[in-house]
Amino acid sequence: MGLIWDIRKRSITSSDSNFVRSNFLGRKEFIQRLRLDATLDVHEGSVNSLCWNDTGEYILSGSDDGNLVITNPHSQIVKTVVKSRHCSSVHSARFMPQTGDHVVVSAAADGKIFYTNITKGPSTATQYQYHCHNGDAYKILTVPNDPHSFLSCGEDGTIRWFDVRISPSCWQSNCKQDVLIDCRRTVTSMAISPLDPFYLAAGCSDSSVRIYDRRMLGTIASGCHSGSGAAGMCVRFVPPHLVNKPCRVTSLSYSADGREVLASYASDYLYLFDPRDDTARQLKGPAQDLKSEPRQPPVKRLRLRGDWSDTGPLARPESERERLGESRSEVSLLQRISDMMSRWFEEASEAQSSRMRSQTQPTASQVEGDSPRPVPAGSDPPWGDSERGSPAEPAPAVRQASSAGPGGARSMPAGPVLSLHYSTQGTTASTIQLDWSGVPSQTQSSGSGGTGRSSALSQADGDRREDESAPAQPRPAWGDGFNLRGTAIGERVLRRSAAARIQEIFRRRKERRELEESEARRVAKPSVQMVYKGHRNSRTTTKEACFWGERFVLSGSDCGHIFIWDRRSGEHVMLLEADNHVVNCLQPHPYEPLLATSGIDYNIKIWSPTEEFPVFDRKLAQEVICRNELMLEETRNTITVPASFMLRMLASLNHSFRLDQTEVDRSEGSGAENEDDQ
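Just so you know, these numbers come straight off a predicted model, no measurement behind them.

Novice: With reference to specific residues and values, describe the pairing of strand β33 (residues 595–599).
Specialist: Counting buried positions along β33 gives five out of five residues, so the element sits mostly inside the fold. On β33, burial covers both faces: Leu595, Thr597 and Gly599 on one face and Ala596 and Ser598 on the other are all buried. Two elements, strand β32 (residues 583–588) and β33, share five bridges in a ladder whose sense is antiparallel. Each residue of the ladder has a partner; that of Gln587, found in β33, is Ala596. Counting the residues between successive antiparallel strands, the hairpin from β32 to β33 contains six residues. Here four bridges tie β33 to strand β34 (residues 604–608), and the two strands are oriented antiparallel to one another. Within β34, the residue paired with Thr597 across the bridge is Lys605. Taken together, β33 and the strand that follows it, β34, pair antiparallel across an intervening segment of four residues.

Novice: Tell me about the side chain of His589, and name the residues and values.
Specialist: Relative to the elements of secondary structure, His589 occurs in the loop between β32 and β33. Residue His589 is classed as buried on the basis of its relative accessible area, which comes to 2%. In this structure the side chain of His589 is engaged in a polar contact, spanning 2.7 Å, whose partner is the backbone oxygen of Gly56. A distance of 3.0 Å separates a polar side-chain atom of His589 from the backbone nitrogen of Tyr591.

Novice: Report on the pattern of salt bridges, specifying residues and quantitative values.
Specialist: If you walk through the whole model with that rule in mind, you get 15 salt bridges. We note a salt bridge from Asp182 to Arg184, for which the minimum N-O separation is 3.4 Å. Among the charged side chains, a network of salt bridges with common partners joins Asp206, Arg210 and Arg236.

Novice: Give a description of the nonpolar core that names residues and reports values.
Specialist: In terms of nonpolar packing, the biggest core is built from 33 residues, with Ile31, Leu262, Tyr532, Ile562 and Ile564 touching the most fellow members. Beyond its immediate sequence surroundings of up to four residues, Ile564 is in contact with Ile31, Leu34, Phe552, Val553, Leu554, Glu571, His572, Val573 and Met574. The next biggest cluster of nonpolar side chains, apart from the first, holds 20 residues, and it includes Ala191, Val238, Leu252 and Tyr271.

Novice: So, the packing of aromatic side chains: which residues are in play, and what are the values?
Specialist: Applying the stated criterion to the full structure yields 10 aromatic pairs. When the centroid spacing of 5.7 Å and the interplanar angle of 65° are considered together, the rings of Phe30 and Trp548 count as edge-to-face. Placement of the pair is Phe30 in helix α3 (residues 28–31) and Trp548 in strand β28 (residues 545–548), with a sequence separation of 518 residues. Among the residues examined, Trp548 registers a relative accessible area of 0% and is labelled buried. When the centroid spacing of 5.9 Å and the interplanar angle of 20° are considered together, the rings of Phe563 and Trp565 count as stacked. Residue classification places Phe563 among the buried residues on the basis of a relative accessible area of 1%. Directly above the aromatic system of Tyr199 lies the positively charged group of Arg215, at a separation of 5.9 Å from the ring centroid.

Novice: Quick rundown of the pairing of strand β16 (residues 209–213)? Include the residues and the values.
Specialist: Residues in a regular strand project their side chains so that they alternate between the two faces of the sheet. In terms of burial, β16 is a largely internal element, five of the five residues being buried. Residues Val209, Ile211 and Asp213 point to one face of β16 and Arg210 and Tyr212 to the other, with burial holding for every one of them. Sheet topology note: the strand β15 (residues 199–204)/β16 ladder contains five bridges and is antiparallel. Bridging from a neighbouring strand, Ala201 pairs with Ile211 of β16. Counting the residues that bridge the hairpin from β15 to β16 gives four residues, and of these Ser207 lies at a positive phi of roughly 75°.

Novice: So what about the sheet that holds strand β18 (residues 249–254)? Which residues, and what values?
Specialist: Read from one edge to the other, the open sheet built from four strands follows the order β18-β19-β20-β27, with strand pairing classed as antiparallel. With partners counted over all chains shown, the strands left at the sheet margins are β18 and β27 (530–532), one partner each. Geometrically, the sheet is characterised by an average inter-axis angle of 20° between neighbouring strands, direction not taken into account.

Novice: Can you break down helix α9 (residues 618–634) residue by residue, with the values?
Specialist: A rise of 1.5 Å per residue sets the reference length of α9, with its 17 residues, at 24 Å; its end C-alpha atoms lie 24 Å apart and thus fit the reference within 8%. All of the buried residues along α9 are Ala621, Val624, Ile625, Arg627, Asn628, Met631 and Leu632.

Novice: Any details on the environment of Asn244? Residues and values, ideally.
Specialist: Relative to the helices and strands, Asn244 is located in the loop between β17 (233–237) and β18. With relative accessibility at 26%, the residue Asn244 sits in the partly exposed group. Residues Asn244 and Ser207 lie 37 residues apart in sequence; the distance between their C-alpha atoms is 8.0 Å.

Conventions adopted
Residues numbered from 1 in each chain as written. Predicted model: local features only at pLDDT ≥ 70, side-chain atom pairs only at ≥ 80, totals over all residues. Heavy atoms only, no water. Buried < 20%, exposed > 50% of the residue type's maximum accessible area, 1.4 Å probe, protein only. Helix = DSSP H or I, 4+ residues; strand = E, 2+ residues; numbered from the N terminus. Pairing = 2+ DSSP bridges. Polar contact = N/O pair within 3.5 Å; in protein donor to acceptor, adjacent residues only side chain to side chain. Salt bridge = Lys/Arg side-chain N within 4 Å of Asp/Glu carboxyl O. Core = buried A, V, L, I, M, F, W, Y, C linked by side-chain atoms within 4.5 Å. Contact = heavy atoms within 4.5 Å. Phe/Tyr/Trp six-rings, centres within 6.5 Å; stacked < 30°, edge-to-face > 60°. Lys NZ or Arg CZ within 6 Å of the ring centre and 35° of its normal. Axes fitted to C-alpha atoms, helices over the stretch in contact; angles between N-to-C directions. Expected span 1.5 Å × (residues − 1).

Right under this line is the structure:
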């Protein structure tokens with residue numbers, strides 16, 4: 001750290017306080033001399049959040065272990081460890097301004113927000129608690145020079161403004177008192193303009209970046225509520241190829257002068273745009289985009305949660321592994337299980353498609369509307385025409401098709417019934433619903449089919465959420481029948497499905513009206529100024545990208561590297577290996593030429609320009625970029641599933657195979673009896 005302290009002294013004696021940043025951060029040689037300077041092992045889980053204090057003396061970190069840690073990275077001494085009351089991973093943590101670094105605010109996957117005074121004892125440390133978000137709380141933003149209020153966003157699609165003087169704690173879930181903006185789409189990232197803090201940028205799961213003027217907004221608690229917040233929208237940015245496609249915005253960052261915004265998209269790239277620009281207005285407007293729902297490609301494969309085999313510096317695309325002849329012993333156990341599940345799912349999808357092709361005529365029960373045919377993989381979304389359908393009709397996950405025979409109803413052979421449900425609500429890009437049809441009992445009437453239990457799994461976040469269609473209930477015995485109707489679980493599934501369908505219809509109608517109003521107000525639509533490619537952002541919901549100085553752009557990656565581009569040309573200028581799996585957080589020091597990073601590894605890394613000569617392996621960088629492009633395409637439609645799904649899938653397969661064997665035995669027995677009669 002000798003070079004850093006020498007630069008620090010020179011900056012203190014310099015007449016220009018920005019001398020160091022302008023003369024070092026603006027040079028490519030400075031960036032190419034970066035080297036790992038220190039490793040802070042202060043957590044026992046993945047580090048999801050980093051934040052420097054105003055002076056740059058301390059860094060606040062939040063982790064999967066639920067702890068908040070304040071560390072001096074220069075001396076590598078831990079100042080404070082706050083054992084928060086969060087029940088899950090901490091997504092975001094910030095120092096409150098003008099509090100002497102004594103108050104921190106944190107948000108977690110449990111949807112709770114804690115306002116904590118670290119100077120008090122452990123029993124009274126958490127002063128205020130806010131349980132208002134329904135689902136994950138992703139981001140905390142503080143307002144410059146305001147020690148009393150802060151902003152949050154979450155899975156429920158709301159941006160909330162909390163003022164501790166007005167609302168000292170709130171224990172009510174889905175509370176409306178502090179809602180500043182209801183985006184009706186999950187908000188996964190936010191940023192405030194450094195020069196005009198009234199401008200708030202929000203990244204939504206419909207691929208849009210929306211910028212609001214907070215002076216036109218208010219909350220019920222503050223007494224100046226202005227509706228959903230649509231009246232305050234002044235800019236709406238969407239990359240042209242993502243129009244009408246759901247894609248999460250994992251990070252937003254304003255430039256130092258507030259004139260440009262950097263947006264990082266999941267399973268895509270980084271985009272730079274000017275909020276003052278309005279050259280994209282000739283493109284099709286968002287109100288027209290809503291007339292047709294997105295059509296997503298079918299899911300290619302499943303991935304078991306905890307399988308990080310496709311991340312890190314050693315990860316290789318499947319084509320390269322096959323070409324190099326990778327032995328089976330070199331593949332991890334989790335990767336083998338993921339590959340096995342993908343093959344099963346693909347075979348089940350193909351079998352279902354074959355059954356659907358063989359059904360050239362609808363059955364009587366289907367004509368009457370009692371048992372619609374199941375939706376094949378890759379078909380249109382089940383709710384794509386929900387506004388034209390009856391909102392009161394329940395929409396069960398999957399219903400079994402049946403074929404009538406001369407002797408009454410005969411169920412289709414036992415096997416998987418798959419449905420792919422694509423939604424733009426929340427961070428969910430797609431949902432797998434997997435049912436296993438069983439043989440109906442003899443008391444079932446003609447045309448009715450037994451439907452097995454379903455497991456609905458969603459791609460949220462990459463790897464943080466599991467969305468199941470039914471709540472946890474005691475599992476029925478396999479011999480008890482598999483019809484969802486008439487059972488407690490089944491009725492709850494159908495009621496919740498119908499309620500979700502109705503909510504989706506009203507949400508889309510309200511959103512259409514608001515976007516039509518924004519069209520009338522001529523909300524600015526910027527065009528893309530620059531695209532930064534080469535990294536891979538598909539596994540986590542907290543992947544950050546930011547500016548460093550006036551010339552460079554940084555981003556983490558699933559390949560375990562830090563990517564640094566020239567801001568104006570988009571040229572790669574540096575590549576740093578910074579994690580064994582994924583680099584999520586990047587936080588440049590507010591004054592000194594230091595960079596703090598974290599990811600899946602259980603530590604924080606500090607980088608400084610202490611290499612003797614500039615070092616940049618352009619050949620290695622090109623190899624990593626090519627691999628990332630291939631792996632990004634391979635995993636673009638991969639869904640991460642929990643271990644519980646694997647267990648249910650195995651149990652269902654076992655049950656299905658036993659039913660098939662029973663049918664075979666019956667057929668063989670009938671054939672033998674016929675031969676004996678002859």
